[in-house]
Structure formats: C-alpha cells, structure tokens
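# A structural walkthrough
Each chain, written out:
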Amino acid sequence: MRFPLVVAATLLISSVPGITAAAAVGRTEAPVVTSSPVDSVAESVVRVRVPLPDSAGPHPEACDWLSYLRYRDAAGPADAARADRILIAQPGVLEGAGAFDNLARHTVRNAARQGRHIEFWALDRRSNCLEDHTGLAAGLAARDPHVAVGYYYLGAEVGGRRFAGYLGNGRLGWLAHLGLEQTLRDQYDLMVRELPDPAVRASKVLCGGHSLGGTLTGFFASWDFDGTPGHTQCAGYFALDSAISTSLGSLSGLPDAIGADDLGYAATQAGLASGLLPRALNLPVLINAETMNLLGVAGLAADVDPDGPSDLASYLPSNANLETTYRLLFSRDAVAFAAGIPSIRDFAITNATALGALLDDNSQPLAFLQASTGFFGGGPVADKDFPLPHEPAGTTGALGVDPLAVPVDPSADYTWRDYDDIDATVARDRHGAPFTAPAKEVTAIADLARSLAEHPLDFTEQYFPSKLMTDISQAGAAEIRAHVRHPEGITAHPTINLLAGDGLIAPRGEPATGETVLAPGYQHLDVLTAAARQNTGEAEPVAANLTRFALG
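Now for a description of the structure that goes with this document. Because the structure is a prediction, the values reported are computed rather than measured. (Residues numbered from 1 in each chain as written. Predicted model: local features only at pLDDT ≥ 70, side-chain atom pairs only at ≥ 80, totals over all residues. Heavy atoms only, no water.)

### With respect to helix α18 (residues 541-551)
Worth spelling out the cut-off: A simple rule labels every residue: compare its accessible area, found with a 1.4 Å probe on the protein chains alone, to the largest value its type can have, and call it buried under 20%, exposed over 50%, or partly exposed in between. Numbering of helices and strands starts at the N terminus; helices are DSSP runs of H or I of at least 4 residues and strands are runs of E of at least 2. Whenever a nitrogen or oxygen atom comes within 3.5 Å of another N or O atom, the pair is scored as a polar contact, on the condition that within protein one atom can donate a hydrogen and the other can accept it, and that pairs from neighbouring residues in sequence are kept only if both atoms are in side chains.
With eight of its eleven residues buried, α18 lies for the most part within the structure. Buried residues of α18: V542, A543, N545, L546, T547, F549, A550 and L551, and no others. The backbone nitrogen of V542 lies 3.0 Å from a side-chain oxygen of the residue at the head of α18, namely E540.

Right, dumping it as structure tokens:
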C-alpha cells in the first residue's frame, strides 16, 4: 500500500513542530512511494540538521533542519558520491521541492537508459518548516480530500492534532533574517554535509534552479563562503525558464519585490525586523499561505478522484480570501467579479477540471503560475476578460501570452480534456481561433495533481521569505556586495538555459551566456511538469537536453 508509506514519511519528517527523535543522529532519509509510472526512480526525503545561528532569534526546532527530495536510479549506487552527476536545484518563488518531480524522474531515467547514473536533489527552502502537511497526508491516506478540508477548516483532529492556523506576520519574526546570505549558506552547508569530498562537488555537481532559482544560482556562483568561492562547488549550471545571473531583470513575470533600492537597505531591514514590512510574501488574495495550501488540496482531489464531482468550493467554509480568489479566477468580466454571479459553486465540474481551472494557461491569469494541461470539455466557454481582455497579438509579462476562457453554462457537466486530448473540436475564442492546439499542451493533469499531492515536501510554498527578494533587489548594498566577491563565477562553467517558449524569459529575449534550448508552447511551470510523451511525437525536450548536458 503506497499511501500509508507516504503518510508515514510525511508525518515523521515534515510535520510541524518537527522531528525531535532524529536530533541525535542529525540526518534522516525516508522513502517516498508515489503513484508515478516512472517507478525505476527511487525517491526519498532527506533532512539534515544544520541549526540557524542564534542571531535568527526564536524559531521552531523543525527549522533547524534542511530538507530536499532525492531522486536516483533504483538500480544505481546508493552512495550519491558514486553517481555520475548530482543535479542540485533551487526552487522559484512560492515553490517547493515537489514541483521538480516530473523533471527529476525523467532526467534520472533518461540517464539510466544510457547506462549512466544521475541524482537529482530538489531543495526545499528552510522556511517551509512552518508548513503543516498533516491534513494533506491524512487525506491522501484516506483517498478523500474532505479529510484535509476537515483538518484545515472544520477543527477535525488527525492523530490527536488540530490545525493551529496560518501564521500571521507577528509570528514570523525569524524570517526577517532568512535572506540571501542564509539561503545560499544553507545550500553550501547542505552540499558540504552530504558530499564532504570537495573534489566530488567540483567535478560532479551541477547547480541550477527554476525561475528565481536561476538567480539564486548566479549569486551562489559569485558568493564567497569564508574564503571559498561558490563556483568551485559546481561543475556546471542549469537554468529552468530562468537565467544564471544576479539580476531579476529577465524574470519580469514575477511579483514585484517588497522594498526598493531607494528605501535603503538599512530601512528595509528595520521594517522587516519590526514587522512594518511583511516578512513573508502575502497578498490579500490568490498569493498567501491559505491559497497555496488550497492548491495542494485541489491537487489531492484531482489525484485520488480526477473524474469525480468537485465540491471543494461549496464544502470549504467561505471567507473573504477564498471568495475573492474564486471570483478572480472564475469571473468572465469585471461585472461578474463585482457581483459574484455566476459563482463557481453554480457549475458542475470534475476535480480535474477544478485543478485545470486553477493552474492552466487558458484559465490562470498569472504567468508564473501557469502550466499547459489541456482545456475545458463538456460545455461551452467564453473569453475571460478579467482581469484584462486578451487580444490576438497576445500579452506578455505577468499575464502570459494565451487567451483565457471560462465556463458559462451552469446546466452543463464540465470535464477536463487532458493535454493529449486536444484536437480541432476544441472551443474557439471570440475571434474564431481555437483557444489552444495540441502543440501548445504539454503537461498531463494527472502528473500535475500527483506533484501537488503526493510528496512530503510539497509543490507550493506558503511562507516565502520577503527578505530573500529584498536582498536581491538591493544587491548593490554594501551588506550584499561584501559577499559577492567572485562575479567571474557565473561564467566559470558550462551553462544550459532551458526556456519555456511562452514562459517568462523567451518572449523578452534569451540569456546572454550559455547554451539555450527553447521548448515551444511551454509555460513557466511546464519546464518542471511536462509529460514524457509529447503530442509532437518527440522526446520531452527539457529533460532530454538536461540529461544530455549533464552527461556530456
């Protein structure tokens, strides 16, 4: 039975307040068994105890541990140092280690088919120690998303435990210290602990990341760790719809940073320390701890019962955050948004449809949250003109490039047409053009659901530390410049840039250095989630080229 194994690993290793029983050994590793068809790849969740400095202030014991998902060939060496390559990936904004699942599995399997052994380590940010996965784990074990809703919203107990609620700014004081320096030090310390031989790190490790993870890798390469240049810890770099740089300029689809240079670095730090500035990225709707967790619940429902009727919108207690988020995602125009009519609760949709509506590039308006997972079926749709109308020339930046659609007939039973079930019968927009085409769809909805629901380190991130973004935005400050002592590190090794054709970077140009591979039709998340079998009949290009680069 796979679900109890997943739950055991989740409750043992990922629960707040943490795993005190393992403190004596300082490292734990537990298998993660999922429903992925790529079962030749062994997945485990690893935790290594690396305490925060005393200057960070009071924090949960669980936050003295660093975590990552380790993927390796089940028939390969158990000792990571004996692998041919170890790929270490930093996540993007609002992203956890689970988001890398498909890419990691496909890359490891591709190498194994060539008789080589790659490991892929998907890092989790330290702040994810604050998340409580108990309800999701219990819902997965029971194959019932209502169990998760009961835990997070209805006061239900799981294993004698009740949800303590989402953490407000006043309870996140230590995040004011979790910026660029601590994040990079965490990666360095983890690498040194897990791969103690510096020659192994220098010859076998490829450093990279998705989205903001590329920027973090650029800083890592340039950083000075007590006299050790960061670039000496890597043999090469990989950027996933990102660039290996120390600038956010190419990632213009990301949310704006909190705190600009003209405020002054010291003033920003004072604001974070006092709580005048938010210590975690938190918007009134759509982007906050509750909605990020809700994506996990929606993924759970689509994972265990994709074709079953979705009742989460009606089963969840209503509040201002959820109600406004529903309206933002499902309103046809500004009038419908203001009135809340029709409501998503008025429509019959499946669990897979609900997940597609939340994250698909023809429904989700924010480009950095988009994947290409298929399209609505079973009923008519109309152009979604909220928050902005879409024109044939397309848009760029934060709102993506593809037209948005919304269901319009409450009497219809809406289903989800998967990425490989798109043909000429797909709905057309107001200009008579199909909303999508086979070449534009690349991610299986089942893969996306599994990545969201079945990992002890989840896909989403509830408490992204604001200081990490303000530090990058104010990298000219003396406090940051003092550590960026090796700018030559960015070009010290070979680099591959794996870009989504409709993602955040390609529409605005290509990175200045390294090899660039473009994945046509891909959105920002697709570089992580794309299916192994593509509608073009060709191999999935991101994993294929990442494997080639790693083994070259």
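### What to know about the packing of aromatic side chains
For clarity, the cut-off: Note on ring pairs: Phe, Tyr and Trp rings are taken, using the six-membered ring of Trp, and paired if centres are within 6.5 Å. Classes follow the plane angle, with under 30 degrees stacked, over 60 edge-to-face and the rest tilted.
Counting across every chain of the model gives 14 aromatic pairs. Taking the centre distance of 5.9 Å and the plane angle of 45° together, the rings of F100 and F120 count as tilted. Here the residue F100 occupies a position in the loop between β4 (85-90) and α2 (101-113), and F120 occupies one in strand β5 (residues 118-124), the gap between them amounting to 20 residues. Residue F100 shares its accessibility class with F120, and that shared class is buried. Consider the rings of F163 and Y166, whose centres lie 5.0 Å apart with planes at 75°: the pair is edge-to-face.

### Looking at the sheet that holds strand β10 (residues 348-349)
Stated precisely, the cut-off is as follows: Following DSSP output, two strands are said to pair if at least two bridges run between them. The contact definition used throughout considers only heavy atoms, calling two residues in contact when any of these lie within 4.5 Å. Helix axes are fitted only over the stretch in contact, all axes being lines through C-alpha atoms; the angle between N-to-C directions runs from 0 to 180 degrees.
If you trace the three strands from one edge of the open sheet to the other, you get β10-β14-β11, paired in mixed fashion. Looking at strand neighbours, the two that pair on one side only are β10 and β11 (374-377), the edges of this open sheet. The sheet strands contacting helix α13 (residues 351-359) are β10, β11 and β14 (413-418), and the helix crosses β14 at an angle near 70°.

### A word on the packing of helix α4 (residues 145-153) against helix α9 (residues 289-304)
This is how it is decided: In this scheme, roughly parallel covers angles under 35 degrees and roughly antiparallel covers those over 145, while 65 to 115 is roughly perpendicular and the rest are oblique.
Direction vectors running N to C along α4 and α9 enclose 160°, while the axes themselves pass 9 Å from each other. Of the possible angle classes, the one that applies to α4 and α9 is roughly antiparallel. Contact residues: α4 offers P145, A148, V149, Y152 and Y153, while α9 offers E290, N293, V297, L300, A301 and V304.

### Considering the environment of G432
Structurally, G432 can be placed in the loop between β14 and α14 (445-453). Counting along the chain gives 155 residues from G432 to L277, while the straight-line C-alpha distance between them is 47 Å.

### What about the state of the cysteines?
Applied cut-off: Cysteine sulfur atoms that come within 2.5 Å of each other are treated as a disulfide pair.
This structure, assessed with the given rule, holds two disulfides. Each disulfide pairs two cysteine sulfurs, and for C207 the partner residue is C234, the sulfurs being separated by 2.1 Å. One disulfide, between C207 and C234, carries an S-S torsion of -85° and so falls in the left-handed class. Separated by 27 residues along the polypeptide, C207 in strand β6 (residues 205-210) and C234 in the loop between β8 (228-229) and β9 (236-240) bring together distant segments of the chain. Here C207 falls in the buried class, since its relative accessible area comes to 0%. Given a relative accessible area of 1%, C234 falls into the buried group.

Any link to function would need more than the numbers given here.
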